[in-house]
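Descriptive structure summary
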Amino acid sequence: MTLSEQEIVNALCYFHAKFKHVQPSDVEVELMYDDLGGFTAEAYVNGQMDFYNTVNFITAIRLYLDEQLNRDSLSARIVLDLHDDEGIIANIEW
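So, here's what we can say about the structure.

What counts and how
Residues numbered from 1 in each chain as written. Predicted model: local features only at pLDDT ≥ 70, side-chain atom pairs only at ≥ 80, totals over all residues. Heavy atoms only, no water. Pairing = 2+ DSSP bridges. Helix = DSSP H or I, 4+ residues; strand = E, 2+ residues; numbered from the N terminus. Contact = heavy atoms within 4.5 Å. Axes fitted to C-alpha atoms, helices over the stretch in contact; angles between N-to-C directions. Salt bridge = Lys/Arg side-chain N within 4 Å of Asp/Glu carboxyl O. Buried < 20%, exposed > 50% of the residue type's maximum accessible area, 1.4 Å probe, protein only. Core = buried A, V, L, I, M, F, W, Y, C linked by side-chain atoms within 4.5 Å. Expected span 1.5 Å × (residues − 1). Polar contact = N/O pair within 3.5 Å; in protein donor to acceptor, adjacent residues only side chain to side chain. Lys, Arg positive; Asp, Glu negative; His and termini not counted.

Another aspect to go through is the sheet that holds strand 5 (residues 77-83). Strands sit in the order 1-6-5 across an open sheet of three strands; the sheet is antiparallel. Looking at which strands have only one partner, the edges of the open sheet turn out to be strand 1 (2-3) and strand 5. For strand 1 and strand 6 (residues 87-93), the ladder comprises two bridges, and the chain directions are antiparallel. Across the sheet, the residue bridging to T2 is N91, located in strand 6. Strands in contact with helix 1 (residues 5-20) are strand 1, strand 5 and strand 6; relative to strand 6, the strand with the most contacts, it is inclined by about 80 degrees. Lying on the sheet, helix 2 (residues 54-67) is in contact with strand 1, strand 5 and strand 6; it crosses strand 5 at an angle near 120 degrees.

What follows is about the pattern of salt bridges. When the charged atoms of two side chains lie near each other, side chains of opposite charge can form a pair. Within the structure shown, the criterion is met by three salt bridges. Here K18 and E67 are joined by a salt bridge, their closest N and O atoms 3.0 Å apart. Taken as a pair, K18 in helix 1 and E67 in helix 2 lie far apart in primary sequence, 49 residues in all. A residue is classified by how much of its surface remains accessible, and K18, at 39% relative accessible area, is partly exposed. Across the pair K20 and D50 runs a salt bridge whose closest N-O atoms are separated by 3.3 Å. Within this pair, whereas K20 is found in helix 1, its partner D50 is found in strand 4 (residues 48-52), the two being separated by 30 residues in sequence. Using a relative accessible area of 32% as the deciding quantity, one classes K20 as partly exposed. Judged by relative accessible area, D50 falls into the partly exposed class, the value being 23%.

Let us now look at the nonpolar core. In this structure, I8, L12, V29, L31, F57 and I61 are the most contacted members of the largest nonpolar core, which totals 30 residues. Among the elements that take part in this core, helix 1 stands out by supplying eight residues, more than any other.

We now examine helix 2. It helps to recall that an α-helix has 3.6 residues per turn; residues three or four apart then point in one direction. Its 14 residues place the ends of helix 2 20 Å apart at the C-alpha level, agreeing with the 20 Å of an ideal helix rising 1.5 Å per residue. When helix 2 is considered as a whole, its buried residues turn out to be F57, I58, A60, I61, L63, Y64 and L65. Two to three positions downstream of the cap, the backbone nitrogen of V55 sits 3.1 Å from a side-chain oxygen, assigning the N-cap of helix 2 to N53.

Another aspect to go through is the side chain of E42. Within the secondary structure layout, E42 lies in strand 3 (residues 38-45). One buried charged residue, E42, forms no salt bridge at all, with the nearest opposite charge on K20 at 14 Å. Looking at E42, its side chain comes within polar contact range of the side chain of Y44, at 2.5 Å. The residues contacting E42, other than those within four sequence positions of it, are E28, V29, E30, M32, M49 and D50.

Here's what the structure looks like:
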């Protein structure tokens, strides 16, 4: 299974909203990648920014798989990848 960049944004919005007690639609997420920092994101709610690293990405995707896609995330191998045409994607194997 492959999650698109938009699905990763949705997963991070869902994850962030759950812990900030807001709606996912209230969260704005900007995904980034650089060779030193790897995959990172900034999540904004009401002007407040929180930083996410690669581990946070995986945690957010696992929660999204469990609660939104009804899939068992514990047995999943999740690999983030920077794709030339599609942006940041997540390849998931069970």
